[in-house]
Amino acid sequence: MLCVLLYLGGMIKMNQLLFWIEAHQLNSLLYNFFFVAGGVVLMVFCFANAKNYHIPLKKAIPFVLVVYAVSVAWMFFLYWAESGFKNFGGNNIVRIFVWVPVFAYPMCRLLKLDFKTMCDYLAPVVCVQHGVSHFGCIFGGCCYSYPWEHGIYNHILGYKTFPIQPIEALVAVAIVLIIWLREKKSGFKVTGEYYPLMLILFGYSRFLLEFARDNEKLFLDISNLAIHALFMGIVGTVWLIYLRRAGQVEKQKG
């Protein structure tokens, strides 16, 4: 009962703030602020975490900047392509989680960095961006859920919806903590398994959360982003199985 009362009280305060933001036309500014803040927090996290994997900053900085820039560009391109090359935009970082290692590989070769190490290094990082930026969707009015009288006011729709945006953001933050704490517990020992584990945790959880969104469905109540999330989870599962089987073969040979 106490949790319910705290939630309802928090929603009242939150919606009052959202009404004030709408009245002062600050929605777009706050949305863009959180998207940029997500990138900044990601960079800070990356550079702080580099020492744990003994990655020199002179290599970590160009590696992160290039991989991030290419990933964001690919995110916009995918949305453009999926719209039939009609609409450009789509600030949804979920589309590119599974592609990040592809962009990281040539940078590893160029900077002479170990690919397996860099995958472990990047594993918690991509969810950092989503965990921060997705809060901006509350103010942008996008990524909304179904109407709910006890939810968050959406200035685009003009009514309250189930608070799926903060839930998805908090799930992303939880995955960051799960991955990073596992890495820390192992003494940041390189296994190559953390990135596929992240894909599994985020992909399957996001696939389920997509059913709570009031967005366009392609078939069986499954959305475009749900397919991206499911693909992510499947890739992570296959990747992790491959790594563990390869490890078993190596042990048998040894």
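Residues numbered from 1 in each chain as written. Predicted model: local features only at pLDDT ≥ 70, side-chain atom pairs only at ≥ 80, totals over all residues. Heavy atoms only, no water.

Enquirer: I would appreciate a short explanation of the overall build of the protein in the present structure.
Expert: Helix and strand counts for the protein come out as 10 helices and 4 strands. Listing each helix as α and each strand as β along the protein from the N terminus yields α-α-α-α-α-α-α-β-β-α-α-β-β-α. Relative to a compact globule of 254 residues, whose C-alpha radius of gyration would be 18 Å, the protein shows 20 Å and is just as compact. The principal-axis extents of the C-alpha atoms in the protein amount to approximately 65 × 45 × 40 Å. The buried share of the protein, taken over its 254 residues, is 45%. (Helix = DSSP H or I, 4+ residues; strand = E, 2+ residues; numbered from the N terminus. Rg over C-alpha atoms; globule rule 2.2 N^0.38 Å. Buried < 20%, exposed > 50% of the residue type's maximum accessible area, 1.4 Å probe, protein only.)

Enquirer: Looking at this structure, I do not really get the side chain of His 130. What am I missing?
Expert: One can find His 130 in helix α6 (residues 125-133). The class of His 130 is buried, set by a relative accessible area of 4%. Not counting residues within four places of it along the chain, the set of residues in contact with His 130 comprises Ile 93, Val 94, Phe 97, Glu 168, Ala 172, Phe 202 and Arg 206. (Contact = heavy atoms within 4.5 Å.)

Enquirer: What is the right way to look at the packing of helix α3 (residues 57-82) against helix α4 (residues 100-111) in this model?
Expert: Helix-helix packing is described using two parameters, namely the angle between the two axes and the distance between the axes. Where α3 contacts α4, the two axes come as close as 9 Å, and the packing angle between them is 150°. In the crossing of α3 with α4, the sense of the turn from one axis to the other is right-handed. Only Val 100, Phe 103, Ala 104, Met 107, Cys 108 and Leu 111 of α4 make contact with α3, whose side of the interface consists of Lys 59, Pro 62, Phe 63, Val 66, Val 67, Val 70, Ser 71 and Trp 74. Grouping the amino acids of the contact of α3 with α4 by side-chain chemistry returns 12 nonpolar, 1 polar and 1 charged. (Axes fitted to C-alpha atoms, helices over the stretch in contact; angles between N-to-C directions. Left-handed = near helix turned anticlockwise from the far one by under 90°. Nonpolar A, V, L, I, M, F, W, Y, C, P; charged D, E, K, R; others polar.)

Enquirer: Would you take a moment to explain α3 for this structure?
Expert: The α-helix advances 3.6 residues per turn, and as a result positions three or four apart in sequence lie on the same side. Compared with an ideal rise of 1.5 Å per residue, which puts 26 residues at 38 Å, α3 spans 37 Å between its outermost C-alpha atoms and is within 8% of the ideal. All of the buried residues in α3 are Ala 60, Phe 63, Val 64, Val 67, Tyr 68, Ser 71, Val 72, Met 75, Phe 76 and Leu 78. For α3, the secondary structure elements touched by its buried residues are α2 (27-49), α4, α5 (115-122) and α6. Gly 84 sits one or two residues past α3 and shows a positive phi near 75°. (Expected span 1.5 Å × (residues − 1).)

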